Amino acid sequence: YSSTRGLGSYRALLADPERTLRRRTDYDQLTNFMQALFRDELVPFPVEPSPAGGYSMLVAVHLLPDSDLDVVLAELLPEWKTVGLTYTVVPALGSRHASPIDSEDFARLVRAIEEGHPGVAVGPYFLPWAATDSRFYREAGIPSYGFSPFLLTVTETMQISRPNERMQLPGYLRGVALYRKLIRELAG
């Protein structure tokens, strides 16, 4: 992941995660997104009027691989923080395991990126704050990979998951062409 960061200080901080985690001043230099690579989190959504009256708020639990939901909730949402509030924990949706990276399909994805964008760092990456439908395919035993062949500028990445996401037309067209080629290869 460090090799994908444009800012040299981020590359250095992420190249040796253990050192960064030991040194609080280094860790504090990371963005919230990058810090989320190393910690379990509660992610609150906006408060909304409840159909039954009052208000409600969805709070997603971001779990690192191998984290236990009950342990994380006890630590991040202790009883003293919820005095007077009620909450319901719904079962996790999707799979908690990654798709294999030693498969031929994953190797094809890597080759496609290397051919289409020589010299670009290729995953796999753990992406915090992301919940795609791939988790349902993995739960059903179907390997599934997040794949994006689009080159984005730093400012374009700041708009991801916001209204009016944008990218430059040449990067978009190049990514679509790479997608088409890859789909033909995977289907063939």
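What comes next is a walk through the structure. Owing to the predicted nature of the structure, the values given are computational and were not obtained by experimental measurement. (Residues numbered from 1 in each chain as written. Predicted model: local features only at pLDDT ≥ 70, side-chain atom pairs only at ≥ 80, totals over all residues. Heavy atoms only, no water.)

Quick notes on the overall build of the protein
Item 1. Within the protein, the regular secondary structure consists of nine helices and four strands.
Item 2. Start at the N end of the protein and walk to the C end: the helices and strands fall as α-α-α-α-β-β-β-β-α-α-α-α-α.
Item 3. The buried share of the protein, taken over its 188 residues, is 23%.
Item 4. Relative to all contacts within the protein whose residues are 6 or more apart in sequence, the contacts with residues 24 or more apart total 51%.
Item 5. Of the roughly 13600 Å² of accessible surface on the protein, 57% is carried by carbon and sulfur atoms.
Item 6. Side chains of the protein carry 19 positive and 22 negative charges; the gap between the two charge centres is 8 Å. (Helix = DSSP H or I, 4+ residues; strand = E, 2+ residues; numbered from the N terminus. Buried < 20%, exposed > 50% of the residue type's maximum accessible area, 1.4 Å probe, protein only. Contact = heavy atoms within 4.5 Å. Areas by Shrake-Rupley, 256 points an atom, 1.4 Å probe, with all protein chains shown as cover. Lys, Arg positive; Asp, Glu negative; His and termini not counted. Charge placed at Lys NZ, Arg CZ, Asp CG, Glu CD.)

Thoughts on helix H1 (residues 8–15)
Because each turn of an α-helix spans 3.6 residues, side chains separated by three or four positions end up pointing in the same direction.
Item 1. Buried within H1 we find Tyr10, Leu13 and Leu14. In an axial view of H1, the angular spread of the buried residues amounts to 90°, which keeps them on one side of the axis.
Item 2. Those residues of H1 that are buried are in contact with helix H2 (17–22), helix H3 (24–27) and helix H4 (32–35). (Arc of directions from axis to C-beta.)

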